[in-house]
Amino acid sequence: MTQPSELKWWQRGIIYQIYPRSFQDASGDGVGDLRGITSRLPYVASLGVEAVWLSPIFVSPMRDFGYDVADYCDIDPLFGTLEDFDALVAEAHRLGLKVMLDYVPNHTSSDHPWFQEALAGKDSPKRDWYVWRDPAPDGGPPNNWKSFFGGDAWTFDPHSGQYYLHQFLPGQPDLNWRNPEVRAAMADVLRFWMRRGVDGFRVDVIWLLAEDAEFRDEPENPEWQPGQIEHARLLHIYTQDQPETHTYIRELRQVLDEFDDRMMVGEIYLPLKQLLPYAGTPEAPMVHLPFNFHLILLPWDAREIRAFADEYDAACRAAGTWPNWVLGNHDQPRFKSRVGADQYRVAQTLLLTLRGTPTAYYGDEIGMHDVPIPPERRVDPAGLQQPDVPSAGRDPERTPMQWDSGPNAGFTAPDVQPWLPLADDADRVNVQVEEADPTSDLNYFRALTALRRAHPALVAGDYRSLDTEHADVFAFERALAGERLVVLLNFGGEERALGPLVGEGQTLLSSRNDHPASTAPLRPNEARIIRRQ
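Draft legend 1. The arrangement of the overall build of the protein in detail. Looking only at helices and strands, the protein has 16 helices and 18 strands in total. The C-alpha radius of gyration of the protein comes to 24 Å, within 12% of the 24 Å expected for a compact globule of 533 residues. If you line up the protein on its principal axes, its C-alpha atoms span 75 × 55 × 50 Å. Considering the protein as a whole, with its 533 residues, one finds that 62% of them fall into the buried category. The contacts of the protein with a sequence gap of at least 6 include a subset with a gap of at least 24, amounting to 68%. Measuring between centres, the 50 positive side-chain charges of the protein sit 5 Å from its 80 negative side-chain charges.

Below, the structure written as structure tokens:
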């Protein structure tokens, strides 16, 4: 039976995502930076997590806040220098933390020297590094493909008379992964950072690397509704999840395997049957963890989540793949806003007790929520380009970390305006206040991570869901080497009797900050973890 010590670090630990612009500003310009992150790493280590994942910090014009890369092998001056990065890695490793970077292989910035060279004309050596097409017979775009951020996925270049592809902003031209020179250059990017001590990568939009070779129009989505983003009007059968993508990812995996104990997580928004193949096979492995976003996408319903957890766990076992879970990130609403304050700890408990690797988003451990952003302070291009779609903007989940009750919540100097506004409850919901309160959300998060360290069953144990006879209760067991822990999650507002199901045991943790008898009724919106006798 597998013990936690036999697992890889990316299997046994929690990954903690940091959005660098919003974590800690050390330079006093209102934007977070590497020195700020380094100063806060002792706090991150105190959470009981295994690794930090940094959203993009590369040289960029910041039209999409770093996801438009102009130099893959240097740090943007907004965040610091390569020396600052080396110091961050050294401090993280000293504290026992792994470091992961965001790797953006699908597209560059239009400011990247590669694209600037490609613009010189059809004979440019870099021309085929990007995706170019002649106009349609009417002079318009080559096909009907749409950008995630609204509008056509094609921009016309008057100099050459061709269009280039961009699945995001026009300032983010898609690389042509069919070109072996592109693949070699992007492999060297991984090597550059791994030689600097980087332990892993979160790979941005990895399922978009290949497009249909015939550039066919995509069909209309019959389920699209007004108010949804324009991109959803089409079924993306020719721009996503193409067979060639798997070949490219296997090549990237071979690069990672040149180094010891490195890993990559692939951002993949696909149904389960299409998601798991991105892990590859033992003979031809791909990403170590295909990101499982279903806890974000599913209704917050005990029956639906149980059904998916059962299906996903069984599918991972059948495929020989390690599971992973996430409730939120820089592209999705904060889960406290989505599930509600009453269900916040139920959700947190679920994330940290299911079988597999959890990824936590900065600030969720203290109960941060989406922050309403006034129109004049909005900066996210996805929202600015689609003002009629309220859900398109991602600013509310990217606001500064709340450290203390002082001005700007300790994120930046008192007389500096942060790049995004702070929450109106930052004087009460912050690290300083919550560290002093043993019943706080922060200390509940730490109690959960402490349980993971103390009880191997929560890390390496088997998973089995349990019948509760209550549609609003999700219960499951984690078992390893004779230890059996039961996790009880009340998704509803009614008390539920579960004594016969649980039997005699010891309550290890309750979201109510007490230790009721194991057979005591489960209270409304309560999460409870019990060790069975």
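Draft legend 2. Seen up close, the packing of aromatic side chains. Tallying each qualifying case throughout the model produces 36 aromatic pairs. Aromatic ring contacts, followed pair by pair, group Phe58, Tyr72, Phe85, Trp114, Trp129, Phe192 and Trp193 into a single cluster. Between the NZ or CZ atom of Lys126 and the centre of the ring of Trp129, over which it lies, the distance is 4.6 Å. Just above the ring of Trp224 sits the side chain of Arg233; from NZ or CZ to the centre is 4.1 Å.

Draft legend 3. Spotlight on the pairing of strand E15 (residues 473-480). The element E15 is largely enclosed, with a buried count of eight among its eight residues. Side chains Val473, Ala475, Glu477 and Ala479 project from E15 onto one buried face, and the interleaved Phe474, Phe476, Arg478 and Leu480 project onto a second face that is buried too. When strand E14 (residues 462-466) meets E15, the two strands line up antiparallel, connected through five bridges. In the strand pairing of E15, Tyr463 is matched with Arg478. Linking E14 to E15, which pair antiparallel, is a turn of six residues; within it Glu469 sits at a positive phi near 65 degrees. Counted between consecutive antiparallel strands, the loop separating E15 from strand E16 (residues 483-490) contains two residues, among which Ala481 sits at a positive phi close to 50 degrees.

Reading guide: rules and limits
Residues numbered from 1 in each chain as written. Predicted model: local features only at pLDDT ≥ 70, side-chain atom pairs only at ≥ 80, totals over all residues. Heavy atoms only, no water. Helix = DSSP H or I, 4+ residues; strand = E, 2+ residues; numbered from the N terminus. Rg over C-alpha atoms; globule rule 2.2 N^0.38 Å. Buried < 20%, exposed > 50% of the residue type's maximum accessible area, 1.4 Å probe, protein only. Contact = heavy atoms within 4.5 Å. Lys, Arg positive; Asp, Glu negative; His and termini not counted. Charge placed at Lys NZ, Arg CZ, Asp CG, Glu CD. Phe/Tyr/Trp six-rings, centres within 6.5 Å; stacked < 30°, edge-to-face > 60°. Lys NZ or Arg CZ within 6 Å of the ring centre and 35° of its normal. Pairing = 2+ DSSP bridges.

So yeah, pure geometry; function would need other evidence.
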